[in-house]
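Coordinate analysis (summary)
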Amino acid sequence: MQIVIIGAGVIGLATAWRTAAGGAAVTLVDPAPASGASSVAAGMLTPVSELTYGEEPLLRLGLASRDRYGAFVAELEELTGLETGYRTDGILEVAFDSDDLRHLDDLRRFQEDLGIPAEALTGRECRRLEPMLAPGVRGGLLAPEDGSVDPRRLAPALLAACERLGVRLVRRRAERVVVENGAAAGVGLDDGTVIPADRVLLAAGPWSGDLGGLPPGTVPPVRPVKGQVIRLRTRAPFLRRATRGLVRGSSVYLVPRADGEIVLGATQEELGFDTRVTAGGLWELLRDARELLPGITELEFAEVRAGLRPGSPDNAPVMGPTALPGLLVGTGHFRNGILLTPVSADILSAMLLDGPVPEVAGPFAPDRFSPEVSA
Ligand code: FAD
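Rules used in this analysis
Residues numbered from 1 in each chain as written. Predicted model: local features only at pLDDT ≥ 70, side-chain atom pairs only at ≥ 80, totals over all residues. Heavy atoms only, no water. UniProt positions renumbered as here; feature names shortened; annotations may be inferred. Phe/Tyr/Trp six-rings, centres within 6.5 Å; stacked < 30°, edge-to-face > 60°. Lys NZ or Arg CZ within 6 Å of the ring centre and 35° of its normal. Domains from an automatic or database assignment. Contact = heavy atoms within 4.5 Å. Buried area = accessible area lost by both parts, 1.4 Å probe. Salt bridge = Lys/Arg side-chain N within 4 Å of Asp/Glu carboxyl O. Polar contact = N/O pair within 3.5 Å; in protein donor to acceptor, adjacent residues only side chain to side chain. Helix = DSSP H or I, 4+ residues; strand = E, 2+ residues; numbered from the N terminus. Expected span 1.5 Å × (residues − 1). Buried < 20%, exposed > 50% of the residue type's maximum accessible area, 1.4 Å probe, protein only. Pairing = 2+ DSSP bridges. Axes fitted to C-alpha atoms, helices over the stretch in contact; angles between N-to-C directions. pLDDT = per-residue confidence, 0-100. Core = buried A, V, L, I, M, F, W, Y, C linked by side-chain atoms within 4.5 Å.

An unreviewed UniProt entry lists the protein chain under the name glycine oxidase, with Actinomadura citrea as the source organism. Its UniProt record gives the protein chain a comment under Catalytic activity (unreviewed entry), which states: "glycine + O2 + H2O = glyoxylate + H2O2 + NH4(+)". Among the UniProt annotations of the protein chain, the heading Pathway (unreviewed entry) holds the following wording: "Cofactor biosynthesis; thiamine diphosphate biosynthesis."

Dropping the structure here:
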């Protein structure tokens, strides 16, 4: 079986690795592997802290992926000898004022209704966990089973795993899906060559809708959602675990790495394919982070970047066969693509190899956006 995967972000890379491990010949097409959202993301693994009303199927998918993470990373690190910066020290969510605290209380009740333990903490208990927090922090929630990974280490490790398993990497832009006899039969590249395929997986993040050769409506609409991120550096201990904060209703997070990097993010902006870093975006992040952790202003500045999250119409992933036989999609992972990498790779590789598909995949089929199903 010849499989071509378009896009080598974390979703395309992890799926290529798992599909090659299942015995298929896999070609991965990307002019710049791991250059998309996967190179900007903070890497929080937080199905619980990110919980939103009405997103229960996404919560189940997130929990299924978080449960797979330890084994996934252990196998990857052993195969490649590369570290991924995986940590399981929990995620702390703190509230700046009493309205923010009310919001966290609502979230805790919602989590409890769903049977997910959430530990409510006073301001003092939060500061015991994270001594650099401002004295005014009102309280918080600890999600003890959440954690983080470094996407800038995860993606190279996935690339190395693909190389180990003989995945062919073609550093070119895919321009079109070749259709023969009403089915996907290959991928046309920007140099005019065509790679024949029995199956094609489109995993090109927010660019997944850009490919030529497809009948209209074959790929559900995916939009870019801009996120600006600041990277800081510290030599002295500053933060023990990933910490999210609500500051007068606006969200900010800081994710520490073992080497002293601290990722501060992120804005959420609907501005199309715009990756400019703006003064206003950075100011908002620094303003809110300083309210929670006043010492942040002493940290060394390292980098600013903006990335594009792939968002589907309902902000949930889109994974599975399209109306064009032989063409599958794996995109729309929005704010959770790093968290959802292991489960998405299991789902998409099972679909490509005709294996048993994990049940949690059910609600994320692309046909939920087709006019008949949505009616
Ligand atoms: P991408 O990583 O965007 O990769 C798409 C790839 O497709 C790119 O390498 C690109 O070069 C390639 N491509 C595009 N067009 C073509 C073409 N025509 N031919 C061939 N290749 C093509 N998720 C979490 O779980 N936790 C977080 O803490 C988190 N924080 C985030 C913070 C920010 C600021 C952002 C922007 C995202 C964050 N995310 C987080 C979300 C996560 O990064 C994404 O959901 C995930 O990276 C999506 O992966 P992907 O492989 O689908 O897409």
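What follows picks up the thread again.
1. Some details on the packing of aromatic side chains
Per the stated rule, a full pass over the model turns up four aromatic pairs. Each member of the aromatic cluster is reached from another via a ring pair, and the members are Trp 17, Tyr 69, Phe 72 and Tyr 86. We note Arg 223 situated over the ring of Phe 334; from NZ or CZ to the ring centre the distance is 5.7 Å. In this arrangement the basic side chain of Arg 287 is found over the ring face of Trp 283, its NZ or CZ atom lying 4.7 Å from the centre.

2. Concerning the domain arrangement of the protein chain
As assigned here, the protein chain comprises domain 1 (2-43 + 153-221 + 313-364) and domain 2 (91-144 + 223-311). For domain 1 versus domain 2, the distance between C-alpha centres works out to 31 Å. Listed as interface residues are 18 residues of domain 1 and, on the opposing side, 20 residues of domain 2. Regarding the contact of domain 1 and domain 2, the summed buried area is about 1,500 Å², with carbon and sulfur atoms giving 58% of it. Contact with domain 2 buries area across many residues of domain 1, yet Val 40, Ala 42 and Phe 334 alone supply 43% of it, more than any other trio. Applying the counting criterion to the domain 1 and domain 2 interface returns one salt bridge. Linking Asp 259 and Arg 153 is a salt bridge whose minimum nitrogen-to-oxygen distance equals 3.9 Å. The interface formed by domain 1 and domain 2 holds seven residue pairs in polar contact (both at pLDDT 80 or more) in total.

3. A word on helix H7 (residues 341-352)
Compared with an ideal rise of 1.5 Å per residue, which puts twelve residues at 16 Å, H7 spans 16 Å between its outermost C-alpha atoms and is within 8% of the ideal. Taking burial as the measure, the twelve residues of H7 include eleven buried ones, the bulk of the element. Within H7, burial applies to Thr 341, Pro 342, Val 343, Ser 344, Ala 345, Ile 347, Leu 348, Ser 349, Ala 350, Met 351 and Leu 352. Positive backbone phi, at 60 degrees, marks Asp 354, one or two positions downstream of H7.

4. Quick notes on the environment of Thr 243
On the secondary structure map, Thr 243 appears in strand S14 (residues 242-247). The class for Thr 243 is buried, based on a relative accessible area of 2%. Each C-alpha atom of the pair Thr 243 and Val 170 lies 39 Å from the other, and the pair is 73 residues apart in sequence. Residues in contact with Thr 243, not counting those within four places in the same chain, are Leu 92, Val 94, Glu 130, Val 252, Tyr 253 and Leu 254. Here the side chain of Thr 243 touches Arg 241 through a polar contact of 3.0 Å, landing on its backbone oxygen.

5. Remarks on the sheet that holds strand S10 (residues 183-189)
Spatial strand order, S9-S10-S11: three strands in an open sheet with antiparallel pairing. Strands with a single pairing partner mark the edges of an open sheet, and in this sheet they are strand S9 (174-180) and strand S11 (194-196). Pairwise comparison of adjacent strand axes, ignoring direction, gives a mean angle of 30 degrees for this sheet. Where S10 meets S11, three bridges bridge the pair, whose relative direction is antiparallel.

6. Comments concerning the confidence of the model for the protein chain
Detailed reading of the predicted model is not advised wherever pLDDT is low. When the pLDDT values of the protein chain are averaged, the result is 95; 98% of them are 70 or greater. Across the predicted assembly, pTM comes out at 0.97 and ipTM at 0.99.

7. Remarks on the pairing of strand S6 (residues 139-143)
Remember that side chains alternate between the two faces of the sheet whenever the strand is regular. Among the five residues of S6, five are classified as buried, and the element is accordingly described as predominantly covered. Neither face of S6 is left uncovered, since the one carrying Gly 139, Leu 141 and Ala 143 and the one carrying Gly 140 and Leu 142 both have all their residues buried. Pairing analysis gives five bridges linking strand S4 (residues 91-95) to S6, with the strands arranged antiparallel. If you follow Leu 92 over to S6, its bridge partner there is Leu 142. Note that strand S5 (residues 119-122) and S6 share four bridges and pair antiparallel. Opposite Ala 120, over in S6, you have Leu 141 as the bridge partner.

8. So, the pattern of salt bridges
In total, this model carries 29 salt bridges according to the counting rule given. Across the salt bridge formed by Arg 244 and Glu 93, the nearest N and O atoms sit 3.5 Å from each other. Within this pair, whereas Arg 244 is found in strand S14, its partner Glu 93 is found in strand S4, the two being separated by 151 residues in sequence. Per residue, the accessibility class of Arg 244 equals that of Glu 93, and both read buried. A salt bridge links Arg 108 to Asp 105; the shortest N-O distance between them is 3.7 Å. Here Arg 108 and its partner Asp 105 are both found in helix H3 (residues 98-113), three residues apart, which amounts to about one turn of the helix. Asp 105 sits in the partly exposed class, given a relative accessible area of 27%. Each of Asp 150, Arg 153, Arg 231, Arg 233, Arg 257, Asp 259 and Glu 261 takes part in a single network of salt bridges with overlapping partners.

9. Some words on the nonpolar core
Of all hydrophobic cores here, the largest spans 46 residues; its most connected members are Ile 5, Leu 13, Leu 28, Leu 61, Leu 154 and Leu 158. Setting aside residues no more than four positions away along its own chain, Ile 5 makes contact with Gly 12, Thr 15, Ala 16, Val 26, Thr 27, Leu 28, Val 29, Leu 201 and Ala 203. By size, the runner-up hydrophobic cluster in this structure holds 25 residues, among which are Ala 134, Val 137, Leu 239 and Val 252.

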